[in-house]
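Descriptive analysis of the structure
One-letter residues, chain by chain:
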Amino acid sequence: MVNVLVNAYAVSPTKGSEPGVGWNWAVNLARYCNVYVITEGEWQQDILDAVGRLPQRINLHFYFNPVSDKIRKMCWHQGDWRFYYYYRKWQERTLDIAKKIIAEHPIDIVHQLNMIGFREPGFLWKIADKPFVWGPVGGMELMPTGYLEGEPTIQRLKVHLKNVINNWQRKRESRVLSAIESAKAIFAATKGVYDVLHDYHHADVTLMNETGCYVSPVREQTTIRDNNSFDILWVGKFDYRKQLGLAIRIIAKLRQTNRRVNFHIVGKGSDNEEYKYRQLANYLNLTNAITWHGSMPHNEVLELMTKCDLFLFTSIMEGTPHVVLEAIQNSLPIVCFDACGQAGVVDDKIGIKIPLSNTSQSIKDFTMAIERLINDPTSLAKMRNNCQERQVELSWDSKARQMVEIYNKVLSDERTRHQY
């Protein structure tokens, strides 16, 4: 059995998004490997409690490297660049912890798992005598600029500046280059990241979305649930990347011809963002069409998915959003952009993908796609039923077994190299 040391800053058995991704990788790899995980300590007690209930707990070992509440707030405040300074310090301490673990245990391979953003590849690649694996890696794509319509000047400047910085970092940042050169295997979370690593850096890279799902019991559904309503769900933070404003405009367009449409929004933003989007909804006469759920416990979000007819995902910049996998896990068809990680997850059997273009064109494209599904409940029911097959293809167990195969190939290649 392979002994793997995993660097995963964000791990939680009770959260979605990046912490949920970290947890699911760790526990599923532990079915096939002996896994040593270094993580931050925000959810330490939850982790210890959950590990104690796992049948594979003997193969799962956690080491905690906690930070202050102040730093945690920076981490989860999307776009707070101050966090990177503290995150790098955390990675430096993690390297020291990793060396101690390696001195005490027969580690075969070291793996930089998450956070998945390419800007911070950690320091495990400095451990010269252990093969280094990195990924899935995300964040190398440039932000689409066709969705700045109506945005304030400061937001426009931020997007263009971020693209300039991102383009330089993905091609020139020294630690990123060191990690790429040192890695015996690299995984790209999205096709866009794959293209940069393969075409520009000439790396041997594997396309693997960073998240997965669990196979749910079959729930056969052949007709639309309620002829009196059509419930559309949106989940996310209220920031520019997620394009909640675009989603609200799509709903307004749908409501012009179909008053059955109800829109459920799960998530929150800053006070200014909350005000902005609620004002937009009021301006578009959607007061009675929208339910603002705010932040909800993870299990309640999953329960809401089972009660809705369609998942509307309008994000234009992502890795592979875990919430999309959760929608599939709950047999909820999806309409999203043909971009980022969701492009590799959603196929025409379970949803519809809309090309990136601009705000005006996307409103038309999303509206036409959703109207088609509203007017064809049989096709929508087929998509719902097809989610079962897609769950198997995208399952965490399948992802873990694929990762272990690559671990074994890396170790085999290393043994062969040392023979010559």
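The structure we're discussing is the one just above.
Residues numbered from 1 in each chain as written. Predicted model: local features only at pLDDT ≥ 70, side-chain atom pairs only at ≥ 80, totals over all residues. Heavy atoms only, no water.

Right, let's get into the side chain of Arg-175. For Arg-175, the position within the fold is in helix H6 (residues 174–182). Separated by 2.7 Å, the side chains of Arg-175 and Glu-120 make a polar contact. If we skip the residues at most four places from it in the chain, Arg-175 touches Arg-88, Arg-119, Glu-120, Pro-121, Gly-122, Phe-123 and Trp-125. (Helix = DSSP H or I, 4+ residues; strand = E, 2+ residues; numbered from the N terminus. Polar contact = N/O pair within 3.5 Å; in protein donor to acceptor, adjacent residues only side chain to side chain. Contact = heavy atoms within 4.5 Å.)

It is worth spelling out the packing of helix H10 (residues 298–307) against helix H11 (residues 322–329) at this point. It is at 9 Å that the axes of H10 and H11 come closest, and there the two elements cross at 50°. Considered as vectors, H10 and H11 are oriented oblique to each other. The two elements H10 and H11 cross, and the hand of that crossing is right-handed. Counted together, His-298, Leu-302 and Met-305 of H10 and Val-323, Glu-326 and Ala-327 of H11 form the full contact between these two elements. Along the lines of polarity and charge, the residues of the contact of H10 with H11 split into four nonpolar, one polar and one charged. (Axes fitted to C-alpha atoms, helices over the stretch in contact; angles between N-to-C directions. Parallel < 35°, antiparallel > 145°, perpendicular 65-115°, else oblique. Left-handed = near helix turned anticlockwise from the far one by under 90°. Nonpolar A, V, L, I, M, F, W, Y, C, P; charged D, E, K, R; others polar.)

On to the sheet that holds strand S9 (residues 261–266). If you trace the six strands from one edge of the open sheet to the other, you get S10-S9-S8-S11-S12-S13, paired in parallel fashion. Edge positions in the open sheet fall to strand S10 (290–294) and strand S13 (351–354), since each of these has one partner strand only. Each strand axis lies, on average, 20° off the axis of its neighbour in the sheet, ignoring direction. This element, helix H8 (residues 244–255), spans strand S8 (230–235), S9, S10, strand S11 (310–313) and strand S12 (334–337) of the sheet and lies at about 165° to S9. Against the sheet, helix H13 (residues 359–374) touches S8, S9, S11, S12 and S13, its axis set at about 165° to S12. (Pairing = 2+ DSSP bridges.)

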